[in-house]
There are 4 protein chains.
Amino acid sequence: MTFSITRAGHIEFRVTDLERARHFYVEVLGFLENGRDDQHLYLGGLEEREHHGLTLRLADSPGVSHLAFRVADPGDLERLARLYAENGRPTRWLAPGEEAGQGRALRVQDATGLPLEFYHEMERRDWRLQRFDQYRGANVMRLDHFNVQVPQVQAAYDWFTQTLGFYCSELTVTEEEPPSLWAAWLHRKQNVHDIALMNGVGPRLHHAGFWLANQESVLRACDVLAASGYADSIERGPGRHGISNALFVYLRDPDGNRIELYTNDYIIPDPDWEPIRWRINDPRRATFWGHKPPSSWFDEAALVESIETGKLLPTSPPPLRDRPEFVT
Amino acid sequence: MTFSITRAGHIEFRVTDLERARHFYVEVLGFLENGRDDQHLYLGGLEEREHHGLTLRLADSPGVSHLAFRVADPGDLERLARLYAENGRPTRWLAPGEEAGQGRALRVQDATGLPLEFYHEMERRDWRLQRFDQYRGANVMRLDHFNVQVPQVQAAYDWFTQTLGFYCSELTVTEEEPPSLWAAWLHRKQNVHDIALMNGVGPRLHHAGFWLANQESVLRACDVLAASGYADSIERGPGRHGISNALFVYLRDPDGNRIELYTNDYIIPDPDWEPIRWRINDPRRATFWGHKPPSSWFDEAALVESIETGKLLPTSPPPLRDRPEFVT
Amino acid sequence: MTFSITRAGHIEFRVTDLERARHFYVEVLGFLENGRDDQHLYLGGLEEREHHGLTLRLADSPGVSHLAFRVADPGDLERLARLYAENGRPTRWLAPGEEAGQGRALRVQDATGLPLEFYHEMERRDWRLQRFDQYRGANVMRLDHFNVQVPQVQAAYDWFTQTLGFYCSELTVTEEEPPSLWAAWLHRKQNVHDIALMNGVGPRLHHAGFWLANQESVLRACDVLAASGYADSIERGPGRHGISNALFVYLRDPDGNRIELYTNDYIIPDPDWEPIRWRINDPRRATFWGHKPPSSWFDEAALVESIETGKLLPTSPPPLRDRPEFVT
Amino acid sequence: MTFSITRAGHIEFRVTDLERARHFYVEVLGFLENGRDDQHLYLGGLEEREHHGLTLRLADSPGVSHLAFRVADPGDLERLARLYAENGRPTRWLAPGEEAGQGRALRVQDATGLPLEFYHEMERRDWRLQRFDQYRGANVMRLDHFNVQVPQVQAAYDWFTQTLGFYCSELTVTEEEPPSLWAAWLHRKQNVHDIALMNGVGPRLHHAGFWLANQESVLRACDVLAASGYADSIERGPGRHGISNALFVYLRDPDGNRIELYTNDYIIPDPDWEPIRWRINDPRRATFWGHKPPSSWFDEAALVESIETGKLLPTSPPPLRDRPEFVT
């Protein structure tokens, strides 16, 4: 059984103040505002064609409602529902329009505890790729990937690759012999990742990665943030990743939810790509230029919701050490 | 029947002076030299992993030997051989190593007359993506696409999409009602094209497109060419395409073979992408900024070889007018 | 006698529709709007600190009111008034505030016929260099230079260098022996020019040059113009100048006044800089990449006002041919 | 009395291994090698026209031989010699050619202890600004400035501005009332600085700043360094300075001498520029994006030579605290 998952499609962040969050994402970073109601802001990037790539939902604490993947074949929704049910995982159907702009969709609580959504039908909006007059701030093009922390990376890796059909582009192993899998970058679309699995306290969303038009936009993002009073939101970078080769910067939104602005990785058109393998303590792995990440980057991440109750789920610690030696 | 074609894989240009061509491609533009013998230079880009992406072969006139597509499933080679044979088209098997670094491969003379190659096995070389010390000149990352002129675009379109399984990203139609298909951009990997079919005298290769690291590299390519005495090789651009959104420049190598340096197009992860449709005389179609292409860009293109005799094939004129009104 | 001229300070364009001009300059190109009244819009760049760098004045035809240079020593205004009076040239004093934000200033009709202004005192405004949240469109940093067409370049050159104290960075001579001076790039601030004198029908302003933050901004200017329906305003470029080394694009505003967006030239801190000398028909002189300028670039330029009557002045043809051989 | 100092002209670093230093500066960073002998390497940037902008001299320990300023008027050399002699400071004449390519020049031990050189005549070399085929690595254009640590900033400031005629672009004061001068950025050429005076253990050279062609080159410098095994040489940045607005990165050469790669500051054509004033603990002052500098950036700097003995001079601590609160 294979599934027609095409890509990371959208994500829903919980925020405690919609206007404050709107200022950060729309006014400063230049996300497009595609729609809104009392409880939600529906945002997107210049290269996206769907109703939303990032939803901000008013809540009493930060966190993540769900991570959504698109499927090309609408019949996969039923097949995925059966798969998760057979594996004893909770599932829930969303009626058309229950999520604005979206057709019937499936939410599942993955074995990792992650709240995943699978959808096929989504309202299209006008394409802004060549509306250069609307490029602003960080020139955010599109949602690129999710990075999640889970205590059992190997089990999650097996599920995502063997059952859901993700491909692995790069991976990180521990220094022991034999080594254990510490993190994996998995993709369905043809670049480095749609989802990265990272060893750590989980289930948590570490960050959502958004693709920028070019490297200058990463610098401009920092400039605009600092000019707008958000210098403190810059948590790590700009830098070059060893993994993925991307130029990146990590930000914390006003609620502490983390996003990555990311560009300049590579394409993987061939399914027989041999994953690039890194040792966890290689100093060029996380930041090719050698910069040490701050400890907050390992300690802090976003809790995720139960798809049944909407409550934030408890977390468990990982058996493996949750960070490399190379941290400030 | 579907085929596992993954991407445009490599192309072989005929050149009349290997050293002269090497200076242009390697010394000035910064292509990597992966290998050579008396008759061939095997070149590549920084993001590529295979033995060659561009071969230069010594010949008594310019032109193109073959355009190669990779297949993920080696069994597709036999299936493609049968398909072409059943359609009455010439095919020829290449033994492993007959083309340096390559396993057993299939050449066919397509119904359009184009000499296509399909291959699966190709020697891998060390990856240079993060060998930034080897970035030079135009920072050429990889072969991106072929653009061919054929007299019967509609027939070629039908074959490539319905039989070979290519997807259409964008297309151009004539101004008449009902309109005729004038050009189509077709892809297997997830960006705008692996092959573009353009109405014109054919079969001819119009150009091979190579992907650059960023927009600055397009400007730098012009700077380095001019500083090295190759200003005359710049035929058109730099400019922004309406189609594909790419920043581009077209060059003529010392033999007149045309390449495009190209960057900043978009990705298409969803198979149900609805093609963007342009009228041929839309002034923003070819160059979004409004620049008119020179007439040479329509008049001149590279002849292609017979896969059986190695001779250059005769061409036929198209029934449709071969260019927009919008030409200098 | 030497004068303390520091730089090209501002220019006043005549426009026939203020709102239309505002859309082009402010909404699309991102000039800052520093002030306005019924007859004027006062614009500026992100790096400028004065009340205006570009004034748009409502008039019944396009053209140029005056070109202003700043002097560091306010006493130079009287000395310049005497100098021009002694040379039989018309002068006129502007009272403080007669030009908004400006102190007492001097206008003269130069021997070339050009309406020059000299000023010292100008209202300062808040600096926007680090207001990255206000960077938009072309990221226009500052007025850089004036380029004028005059029939007698040698005489104008002598006056500007020997009497006004300008330095020459680069010059162009005809192909004859002995050669005649065809154009000269003259500066007071330490880059390539504050004013360029070009052989041609004159007195006319050929263009005002504005400095952009970087090369990407030249490309972005074209993108934003085309996305906003102004593709036709792009007259020439983007390209690299041989002279000055700058990356450039020439635009025509909705009234036909010409501006250049310009970046990446070089600095000249030493007064004993030896001018770079070009022959007029060197194909890399005007565009290093070899592109031919369009004939409109030579045929069309802006008439200038009489400082006494405000009427546009008649022009005279030059004795030398007004363009290189290298034109489309 | 005023002097015709035009700019920071060149600097001489002591290095303990010429080949190792050559690899770092020439092979990796792309400095031009203009000449060499057994004891020296004479390097330069693409925009420079003189014999050397950076000299590496073989010595038994790192450090700095002298910091050189060019004077436009050769007669200033005698006047400067008298000035320093009258102030009881050591002076020494260098015969023409004693420093390769240079005419008669003056060295002085400034009151701060800094070994300054003043020169007028220097051999010109071919200009490489448009030799884009020779751009490599970090695309180093030219020496921009010196940054020195001295215990008595106020006294040094008075001397440089009142006696030598430097202008102040920006300054930093302590948080006390009344505040003390903590650092000053001084210029003769028309950008932010030729020399910065910073409170600290001194006399020491903190760093020499080199100007790059654009922001991309700062990123590329890091990429090339890391790819060449020099990731550890990246001490601080890339980042945006609040002061000067420049995009920067600080590097340590294999001997520990510090250089800054720097671009995108602003011009100051007007002598009545009002200096920008920063409080030392403003978090956006040193790094606009809010990053804290490492303590090594304050603790470590290069000793300077006696112009008489060639021995490295002892240092004194400053009475003011030597760093802001904002340090990792």
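Residues numbered from 1 in each chain as written. Chains lettered and ligands numbered in written order. Predicted model: local features only at pLDDT ≥ 70, side-chain atom pairs only at ≥ 80, totals over all residues. Heavy atoms only, no water.

> Lay out the side chain of R70 of chain B in plain terms, naming residues and giving numbers.
Tracing the backbone shows R70 of chain B in strand β5 (residues 63–71). Given the relative accessible area of 3%, R70 of chain B is considered buried. Only 2.8 Å separates the side chain of R70 of chain B from the side chain of D270 of chain A, close enough to count as a polar contact. If sequence neighbours within four positions are ignored, R70 of chain B has contacts with D270 and D272 of chain A together with S4, I5, T6, R7, G9, E50, Y119 and H120 of chain B. (Helix = DSSP H or I, 4+ residues; strand = E, 2+ residues; numbered from the N terminus. Buried < 20%, exposed > 50% of the residue type's maximum accessible area, 1.4 Å probe, protein only. Polar contact = N/O pair within 3.5 Å; in protein donor to acceptor, adjacent residues only side chain to side chain. Contact = heavy atoms within 4.5 Å.)

> Can you tell me about the packing of helix α4 (residues 215–227) of chain A against helix α4 (residues 215–227) of chain D, naming the residues and giving the values?
Following both chains from N to C, one finds α4 of chain A and α4 of chain D inclined at 105°, their axes separated by 10 Å at the closest point. Relative to α4 of chain D, the element α4 of chain A lies roughly perpendicular. Each of Q215, E216 and L219 of chain A in α4 of chain A lies in contact with α4 of chain D, whose residues at this interface are Q215, E216 and L219 of chain D. (Axes fitted to C-alpha atoms, helices over the stretch in contact; angles between N-to-C directions. Parallel < 35°, antiparallel > 145°, perpendicular 65-115°, else oblique.)

> Describe the domain arrangement of chain A, naming the residues involved and giving the relevant values.
All names here are of chain A. Here chain A is described as being made up of domain 1 (5–119) and domain 2 (139–303). For domain 1 and domain 2, the distance between their C-alpha centres works out to 20 Å. Listed per partner, the contact involves 40 residues of domain 1 and 41 residues of domain 2. Each partner contributes to the roughly 3,400 Å² buried at the junction of domain 1 and domain 2, and carbon and sulfur atoms together form 72% of this total. For the pair domain 1 and domain 2, the number of links is 2 salt bridges. Of the charged contacts, one joins E47 and R142 as a salt bridge, the two residues approaching to 3.7 Å between their closest N and O atoms. Taken together, the connections running from domain 1 to domain 2 amount to 16 residue pairs in polar contact (both at pLDDT 80 or more). Contributions of two or more residues to the side of domain 1 that touches domain 2 are made by β1 (5–15), α1 (18–28), β5 (63–71) and α2 (76–86). Its residues assigned to classes, the side of domain 1 that touches domain 2 shows 22 nonpolar, 11 polar and 7 charged. (Domains from an automatic or database assignment. Buried area = accessible area lost by both parts, 1.4 Å probe. Salt bridge = Lys/Arg side-chain N within 4 Å of Asp/Glu carboxyl O. Nonpolar A, V, L, I, M, F, W, Y, C, P; charged D, E, K, R; others polar.)

> Go over the interface of chain A and chain D with me, naming the residues and quoting the values.
On the chain D side, the residues contacting the 18 residues of chain A number 18 residues. Summed over both partners, the interface of chain A with chain D comes to about 1,600 Å²; 55% of that surface belongs to carbon and sulfur atoms. For chain A, the biggest contributors to the area lost against chain D are L219, D223 and W289 of chain A; these three give 35% of the whole. Our enumeration of links across chain A and chain D arrives at 2 salt bridges. With a closest N to O distance of 2.7 Å, R240 of chain A and D223 of chain D form a salt bridge.

> Summarise the interface of chain A and chain B; cite the residues concerned and give the values.
Interface extent is often summarised as the accessible area lost during association of the parts. With 33 residues of chain A at the interface, the matching set in chain B holds 33 residues. Approximately 2,800 Å² of surface area, both sides summed, lies buried where chain A meets chain B, with 51% of it carried by carbon and sulfur atoms. Looking only at chain A, the three residues that lose the most surface to chain B are Q130, I267 and D270 of chain A, adding up to 18% of its buried area. The interface formed by chain A and chain B includes 6 salt bridges.

> Which residues make up the relation of the copies chain A and chain B, and what are the values?
Two chain copies here: they are related by a rotation about an axis and a translation along the same axis. With an axial shift of 0.0 Å and an RMSD of 0.0 Å, the rotation relating chain A to chain B amounts to 180°. Viewed as a symmetry operation, the transformation between the two copies matches a two-fold axis. For chain A, the residue whose C-alpha comes nearest the rotation axis is Q190 of chain A, separated from it by 3.2 Å. (Least-squares fit on C-alpha atoms with pLDDT ≥ 70 in both.)

> Describe in detail helix α4 (residues 215–227) of chain C, supporting the description with residues and values.
Residue and element names in this part refer to chain C. Taking 1.5 Å as the rise per residue, α4 with 13 residues should run 18 Å; its terminal C-alpha atoms sit 19 Å apart, in good agreement. Most of α4 is tucked away, with 13 of its 13 residues classed as buried. Taking the backbone nitrogen of E216 as reference, a side-chain oxygen 3.4 Å away marks N214 as the first, capping residue of α4. Directly after α4, the chain includes G229, whose backbone phi takes a positive value near 85°. (Expected span 1.5 Å × (residues − 1).)

> Quick rundown of the sheet that holds strand β2 (residues 32–36) of chain A? Include the residues and the values.
Residue and element names in this part refer to chain A. The strand order β2-β3-β4-β1-β5-β8-β7-β6 describes an open sheet built from 8 strands, whose pairing is mixed. At either margin of the open sheet sits one strand with a lone partner, and together these are β2 and β6 (91–94). Between one strand axis and the next, the sheet turns by 25° as a mean value, whatever way the strands run. Here strand β3 (residues 40–44) pairs with strand β4 (residues 54–58) via 4 bridges, running antiparallel. Bridge pairing in β4 links Y42 to T55. Helix-sheet contacts for α2 involve β5, β6, β7 (105–109) and β8 (115–119), and the interaxial angle to β6 is about 155°. (Pairing = 2+ DSSP bridges.)

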